[in-house]
Amino acid sequence: MRSKKLIAGNWKMNGTLAEARALAVGIADGLESELSLLEGCDFVVCPPFVHVGAVGAALAEPVGGAVVSLGAQDCAAVENGAYTGDVSAAMLVDAGCDYVILGHSERRQYHKETDSLIAAKAKAAQAAGLITIICVGESEDERASDAQDAVVAAQLAASIPDGATAQNCVIAYEPVWAIGTGKTARVEDVAAMHLFIREKLKERLADSAQMRILYGGSVKPDNTGDLMRVDHVDGALIGGASLKADQYLGIARAAGK
Ligand code: PGA
């Protein structure tokens, strides 16, 4: 898996249905017309739940079939039942998803998601056949007090479920202070953290060497090259820049080099 970078777009809570369709078509068409980009990277976009079906259909439109996988931004920890507002992993699979982002810092912050809830969601998602993108990362205060390693180690230990493998799980390191702020972590800090994460994974998982570790936080076309050349950076989780087809494609080009 690590032989190719994974370029994951997190659309968050943005866009009308028409905009979501147009963005999906723009990305899929762009990749179709530059098929060499598929040699270096795998691609996934994660629209809001309500647009998942339409985006899946739009991604499948280009002649060669879908070259971009579909993902969601969250799922429930339980299989079904009286859970108003929740969406199960099986429903996402049914709607065409291959991936689900879990434990994003915005879910941790605004919905008070704990590591144990994230692990339960990941377990349910993996059991349903989804590839989980589990997010970890320290806050600005934690970085300022040099607590980033301890914070990330604790998040990894408690939010990756037993049974996770390089096939069904991807880690995304996203320093919270770099998300949506235009501040990107320094290449040397990214290198240190990704190596640290690799070592932590090794303590627990048999195929840890193959597990993808993405970087996220203000990834743009012009900083992608430097970030993707760092050892143990196996792709990117992109928020803002994934909302524009030309930027997403620019990141794809820079990452594939
Ligand atoms: P950003 O978001 O690229 O807008 O910083 C990244 C993320 O939240 O995954």
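Just so we're clear, the structure is a prediction, and the values are computed from it rather than from any experiment.

Draft legend 1. Up close: the packing of helix α1 (residues 17-32) against helix α11 (residues 245-256). Contact geometry of α1 with α11 gives a least axis separation of 9 Å together with a crossing angle of 35°. Crossing handedness for the pair α1 and α11: right-handed. Each of Leu23, Gly26, Ile27, Gly30 and Leu31 in α1 lies in contact with α11, whose residues at this interface are Ala245, Tyr248, Leu249 and Ala252. Among the residues making up the contact of α1 with α11, the classes are represented as 7 nonpolar, 2 polar and no charged.

Draft legend 2. A look at the site of the ligand. Surrounding the ligand, one finds 13 residues, the nearest of these being Lys12, His104, Glu174, Gly180 and Ser218. A distance of 2.6 Å is found between an oxygen atom of the ligand and a side-chain nitrogen or oxygen belonging to histidine 104. Contacts to the ligand include glycine 239, whose backbone N or O atom sits 2.8 Å from an oxygen atom. Isolated, the ligand exposes 280 Å² of accessible area, and the fraction of that covered by the protein chains is 96%.

Draft legend 3. Inspection of helix α9 (residues 187-204) at higher detail. With 18 residues, α9 should reach 26 Å at 1.5 Å per residue; the first-to-last C-alpha distance of 26 Å fits that figure. Restricting attention to buried positions, one finds in α9 the residues Asp189, Val190, Met193, His194, Phe196, Ile197, Arg198 and Leu201. Packed against the buried residues of α9 are β5 (131-136), α7 (140-144), α8 (148-159), β6 (169-173), β7 (213-216) and α10 (221-228).

Draft legend 4. Seen up close, the nonpolar core. The biggest cluster of nonpolar side chains holds 67 residues, and the ones touching the most others in it are Ile27, Phe43, Ile171, Ile197 and Tyr215. Judged by nonpolar contacts, the second largest core, of 12 residues, contains Cys46, Cys135, Val170 and Leu214.

Draft legend 5. Geometry of the side chain of serine 242. Along the chain, serine 242 turns up in the loop between β8 (235-238) and α11. Among the polar contacts made by the side chain of serine 242, one reaches the main-chain carbonyl oxygen of glycine 239 at a distance of 2.7 Å. Residue contacts for serine 242: discarding those within four places in its chain leaves Gly9, Asn10, Trp11, Leu23, Ile27 and Tyr248.

Draft legend 6. Spotlight on the side chain of glutamate 138. Relative to the elements of secondary structure, glutamate 138 occurs in the loop between β5 and α7. Classification of glutamate 138 by relative accessible area gives buried; the value is 0%. A polar side-chain atom of glutamate 138 sits 3.1 Å from a polar atom in the side chain of tryptophan 177. When residues no more than four places from it in sequence are discounted, the contact partners of glutamate 138 are Arg143, Gln148, Val151, Val152, Tyr173, Glu174, Pro175, Val176, Trp177 and Met193.

Draft legend 7. Up close: the environment of glutamate 32. Position of glutamate 32 relative to the elements: it lies in helix α1. Spatially, the C-alpha atom of glutamate 32 lies 38 Å from that of glutamine 155, the residues being 123 residues apart in sequence.

Draft legend 8. Spotlight on the packing of aromatic side chains. Counted under the stated rule, the structure contains 2 aromatic pairs. Where phenylalanine 43 meets tyrosine 248, the ring centres are 6.1 Å apart and the plane angle is 50°; that geometry is what we call tilted. On the criterion of sequence distance, the pair formed by phenylalanine 43 in strand β2 (residues 41-46) and tyrosine 248 in helix α11 is long-range, its members being 205 residues apart. Grouping residues by exposure puts phenylalanine 43 and tyrosine 248 together as buried.

Draft legend 9. Just the pattern of salt bridges, in detail. The final tally for this structure, using the stated rule, is 19 salt bridges. Between arginine 107 and glutamate 113 there is a salt bridge, and its shortest N-O distance comes to 2.9 Å. Arginine 107 gets classed as partly exposed once you look at its relative accessible area, which sits at 22%. Note on glutamate 113: relative accessible area 6%, which makes it buried. Connected through salt bridges with shared partners, the residues Glu138, Arg143, Arg186, Glu188 and Asp189 form a single ionic network.

Draft legend 10. Quick look at the pairing of β6. Within β6, 5 of the 5 residues are buried, leaving the element largely enclosed by the surrounding structure. Alternating positions in β6 separate into two faces, Cys169, Ile171 and Tyr173 on one and Val170 and Ala172 on the other, with burial throughout. Relative to β6, β5 is paired through 5 bridges, and the arrangement is parallel. Within β6, the residue paired with valine 136 across the bridge is tyrosine 173. Where β6 meets β7, 3 bridges bridge the pair, whose relative direction is parallel. Within the sheet, the bridge partner assigned to alanine 172 lies in β7 and is leucine 214.

Parameters and conventions
Residues numbered from 1 in each chain as written. Predicted model: local features only at pLDDT ≥ 70, side-chain atom pairs only at ≥ 80, totals over all residues. Heavy atoms only, no water. Axes fitted to C-alpha atoms, helices over the stretch in contact; angles between N-to-C directions. Helix = DSSP H or I, 4+ residues; strand = E, 2+ residues; numbered from the N terminus. Left-handed = near helix turned anticlockwise from the far one by under 90°. Contact = heavy atoms within 4.5 Å. Nonpolar A, V, L, I, M, F, W, Y, C, P; charged D, E, K, R; others polar. Near = heavy atom within 4 Å. Polar contact = N/O pair within 3.5 Å; in protein donor to acceptor, adjacent residues only side chain to side chain. Areas by Shrake-Rupley, 256 points an atom, 1.4 Å probe, with all protein chains shown as cover. Expected span 1.5 Å × (residues − 1). Buried < 20%, exposed > 50% of the residue type's maximum accessible area, 1.4 Å probe, protein only. Core = buried A, V, L, I, M, F, W, Y, C linked by side-chain atoms within 4.5 Å. Phe/Tyr/Trp six-rings, centres within 6.5 Å; stacked < 30°, edge-to-face > 60°. Salt bridge = Lys/Arg side-chain N within 4 Å of Asp/Glu carboxyl O. Pairing = 2+ DSSP bridges.

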